[in-house]
Amino acid sequence: MAARGRASIVSSRCDRCHGDVEILYGDPEAIGEPFVMRIRELPGTVVPPHSHPVDEHITVVQGTWYFGLGEEFNPQALAELKAGTYAFAPKGSWMFGYSPDGAIVQVHGVGPFQINWHGGLKTLDDPNAKSTFRFGRGEQVVSGRGTGRIVEGYASGKLIQYEIEGSKGERFMAHEHELRYP
């Protein structure tokens, strides 16, 4: 957690989110406290429909982020947000996103910041993961972005995607239907 009134950055890994999350200011979980965080979305990431109990202020810091509102992921509803663009989502709004080439998105608001996934959220660590995911952690796969090994899997509603580490250490996301064994 970043200290108030003092410049600091605390890096952390968000265990149930895509990409890396940095808390720049405040504590997103603290009630009534302001926070600022940056989310590094991996290339190919689809953020499934979700909502927050607080207003969300979004600024694209780097790359291009596609953002849409609604309870179902709808590629036609995505609006292109280039670096420097601001978007606002009122509390309780259902929203989703897409990052074809990776992006850094800054989010600020007043806590508590929580994510309510419309279709729930499962990962490869869930006890019944084998009933949801076709591929497992550590398996080698081939995708349109290249060959790599599965690092994590995320399923929400109809969306099933995997975080993959490529042969040169780069990370990206791919949908289950885009993957095959080498």
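Residues numbered from 1 in each chain as written. Predicted model: local features only at pLDDT ≥ 70, side-chain atom pairs only at ≥ 80, totals over all residues. Heavy atoms only, no water.

J.: Just to check I follow, could you spell out the pairing of strand β13 (residues 146–156) for this structure?
T.: Looking down a regular strand, the side chains alternate between one sheet face and the other. Burial of β13 is extensive: 8 of the 11 residues sit out of reach of the surface. Of the pairings in the sheet, the one linking strand β11 (residues 122–123) to β13 comprises 2 bridges and is antiparallel in character. Considered in β13, the bridge of Lys122 is made with Ala155. One ladder, built from 4 bridges, connects strand β12 (residues 140–143) with β13; its direction is antiparallel. Each bridged residue has a counterpart across the sheet, and for Val142 the counterpart in β13 is Thr147. The antiparallel hairpin formed by β12 and β13 contains 2 residues in its connecting segment. Direction of pairing for β13 relative to strand β14 (residues 159–166): antiparallel, over a ladder of 8 bridges. Of the residues in β14, the one forming a bridge with Gly148 is Gly166. If you look at the hairpin formed by β13 and β14, you'll find 2 residues sitting between the two strands, and Gly157 has a positive phi there, around 60 degrees. (Buried < 20%, exposed > 50% of the residue type's maximum accessible area, 1.4 Å probe, protein only. Helix = DSSP H or I, 4+ residues; strand = E, 2+ residues; numbered from the N terminus. Pairing = 2+ DSSP bridges.)

J.: Please clarify how the nonpolar core should be interpreted in this entry.
T.: Side chains that are nonpolar tend, in soluble globular proteins, to be buried together. Among the nonpolar cores identified, the biggest contains 24 residues, and Met37, Trp65, Phe67, Leu81, Val105, Val107 and Phe113 are the most heavily contacted of them. Taken together, the elements giving at least two residues each to this core come down to β2 (20–26), β3 (34–41), β5 (56–69), β7 (86–89) and β9 (103–110). The element that contributes the greatest number of residues to this core is β5, accounting for 4 residues. In contact with Val107, other than residues within four places in its own chain, are Phe35, Val36, Met37, Ile39, Glu56, His57 and Phe113. Core analysis: the next-biggest nonpolar cluster, separate from the first, contains 13 residues, Leu124, Phe135, Ala155 and Tyr162 among them. (Core = buried A, V, L, I, M, F, W, Y, C linked by side-chain atoms within 4.5 Å. Contact = heavy atoms within 4.5 Å.)

J.: What is the right way to read the packing of aromatic side chains from this model?
T.: The geometry of two aromatic rings is summed up by the distance between their centres and the angle between their planes. Applying the stated criterion across every chain yields a total of 6 aromatic pairs. When the ring of Tyr66 is compared with that of Tyr98, the centres are 6.2 Å apart and the planes differ by 40 degrees; the resulting orientation is tilted. Of this pair, Tyr66 sits in strand β5 while Tyr98 sits in strand β8 (residues 95–99), placing them 32 residues apart in sequence. For Tyr98, a relative accessible area of 28% gives the class partly exposed. Clustering of aromatic rings is evident, with ring pairs tying together Phe133, Phe135, Tyr162 and Tyr181. (Phe/Tyr/Trp six-rings, centres within 6.5 Å; stacked < 30°, edge-to-face > 60°.)

J.: Please explain the environment of Gly153 as it appears in this structure.
T.: Looking at the element boundaries, Gly153 is found in strand β13. For the pair Gly153 and Arg137, spaced 16 residues apart in sequence, the C-alpha separation works out to 7.7 Å. What Gly153 contacts, discounting residues up to four positions off in sequence, is Lys122, Thr123, Leu124, Phe133, Gln161 and Tyr162.

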